[in-house]
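Structure assessment
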Amino acid sequence: MSNMLHIILYAIVPIIVVMLAGYISGKKGIFSGADSKQFNKVVLDYALPAALFVSIVTATREDLVKDIKLSLISLFVMMGCFMIVYFVYRYCFKKNTPADAAVSALISGSPTIGFLGFAVLEPIFDSTCGLPAVALVVAIVGIVVNAVGIPVGLALLNAADAKASGKHVNPWKPVIHALEQPVAWAPILAVIFVVVGIKWPDWLSPSFDLIKGANASMAVFSAGVTLSAVKIQINWQAILGSILKLIMMPAFILIAGIIFKMDPWNLKMLVVAAALPPAFSGIIIADEYDTYVATGTSSLALSVILFMGFCPLWIWITDVCCKSFL
């Protein structure tokens with residue numbers, strides 16, 4: 001009970017407070033939706049890559065080998081859930097276009113690991129697992145979301161637009177574009193350093209620490225500003241998106257982790273990461289393509305609110321399952 005109270009006070013409440021500050025700032029006109037996009041660029045292009053790189057590059061080869069199950073389960077289960085969301089929204093709702101389904105998958109089929117990963121996982125698991133272990137989970141899920149999920153979603157979205165317009169598009173363009181982003185190549189580069197055995201000098205880390213410190217706080221504040229700039233319209237598709245994101249994905253991760261005997265602490269971190277609200281990047285892409293914006297944003301807003309209750313619930317469920325089966 002005391003541990004759950006600690007999680008609520010040190011991980012959930014700070015997120016609510018900072019996000020609420022961003023939301024109020026947006027409603028008062030201090031910041032706008034355009035400002036939140038600039039905040040997001042700072043997080044995704046500078047703060048998060050710096051945090052991921054420095055944290056991973058201090059790990060060892062043994063750490064990477066130990067976490068191979070973490071990588072494989074993250075990839076196959078999360079992308080499986082991604083495609084389930086796509087097919088559900090493509091074929092269960094007659095009014096939806098293939099483009100709508102692709103945006104739904106980008107939103108409800110991906111956790112917002114880049115924005116809330118460190119903010120949620122670090123205060124919960126840092127004292128028991130250590131920051132490198134937390135960073136490795138954030139990095140692996142981040143690579144799956146940013147280097148696999150987004151290219152697949154953009155490929156589906158571009159294919160839908162091409163079919164509608166009759167134009168031909170290069171299916172590899174989204175993949176190349178995703179891998180060009182610092183949030184994708186920075187953790188990959190750090191893993192290469194560890195595998196090859198390149199020693200990262202300790203005196204270089206402080207140069208990255210200042211910008212990486214802005215990652216969690218700015219990401220959560222920006223999320224509040226983003227929510228303040230959109231009109232929330234709750235409907236059955238928005239509710240279903242929240243159910244698929246907050247229940248289906250962490251449940252499948254938990255089942256797979258138990259079946260394949262994952263390290264209990266890695267499994268706990270991965271379940272919490274999978275239970276994170278939908279990816280904000282999906283909303284950004286929806287806005288750029290002017291597709292499924294209202295419902296997608298409503299599902300995001302609803303999921304953010306519900307996550308405050310689902311996060312401690314999934315931690316408790318996972319803890320019980322790990323004690324019983326692992």
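Residues numbered from 1 in each chain as written. Predicted model: local features only at pLDDT ≥ 70, side-chain atom pairs only at ≥ 80, totals over all residues. Heavy atoms only, no water.

A short note on the packing of aromatic side chains
Cut-off, in case you're wondering: Any pair of Phe, Tyr and Trp rings, taking the six-membered ring for Trp, is counted once the centres come within 6.5 Å. Such a pair is stacked with planes under 30 degrees apart, edge-to-face with planes over 60 apart, and tilted for the rest. Runs of E in the DSSP output that reach at least two residues are strands. Runs of H or I that reach at least four are helices, and both are numbered from the N terminus. Each residue is assigned to one of three classes by its accessible area relative to the maximum for its type, calculated with a 1.4 Å probe on protein chains only: buried under 20%, partly exposed between the two thresholds, exposed over 50%. Ring-over charges, as used throughout, are those where CZ of Arg or NZ of Lys falls within 6 Å of the ring centre and within 35 degrees of the ring normal.
A full pass over the atoms with the stated rule returns 12 aromatic pairs. Ring centres 5.8 Å apart and planes at 75 degrees place the aromatic pair F53 and F193 in the edge-to-face group. Of this pair, F53 sits in helix α2 (residues 33-57) while F193 sits in helix α9 (residues 182-196); the two residues are 140 residues apart in sequence, bridging distant segments of the chain. A relative accessible area of 8% places F53 in the buried class. With a centroid separation of 5.1 Å and 80 degrees between ring planes, the pair formed by F53 and W200 is classed as edge-to-face. In this pair, F53 is assigned in helix α2 and W200 in the loop between α9 and α10 (206-212), connecting sequence segments 147 residues apart. On the accessibility criterion, W200 (11% relative accessible area) is buried. Over the ring of Y91 we find R90; its NZ or CZ atom is 5.2 Å from the centre of that ring.

Description of the packing of helix α4 (residues 68-91) against helix α5 (residues 98-108)
Filter applied, for reference: Here an angle of 0 to 180 degrees is reported between the N-to-C directions of two axes, which are lines fitted to C-alpha atoms, with helices fitted over the stretch in contact. Should the near helix be turned anticlockwise from the far one by less than a right angle, the crossing is left-handed, and should it be turned clockwise, the crossing is right-handed. Any two residues whose heavy atoms approach within 4.5 Å are treated as being in contact. Classification used: nonpolar for Ala, Val, Leu, Ile, Met, Phe, Trp, Tyr, Cys and Pro, charged for Asp, Glu, Lys and Arg, polar for all others including Gly.
The contact between α4 and α5 brings their axes to 8 Å, and the two run at 145 degrees. By crossing handedness, the relation of α4 to α5 is classed as right-handed. When α4 is examined against α5, the residues F82, V85, Y86, Y89 and R90 are found in contact with a partner set consisting of P98, A101, A102, S104, A105, L106 and S108. When its residues are assigned to classes, the contact of α4 with α5 shows 9 nonpolar, 2 polar and 1 charged.

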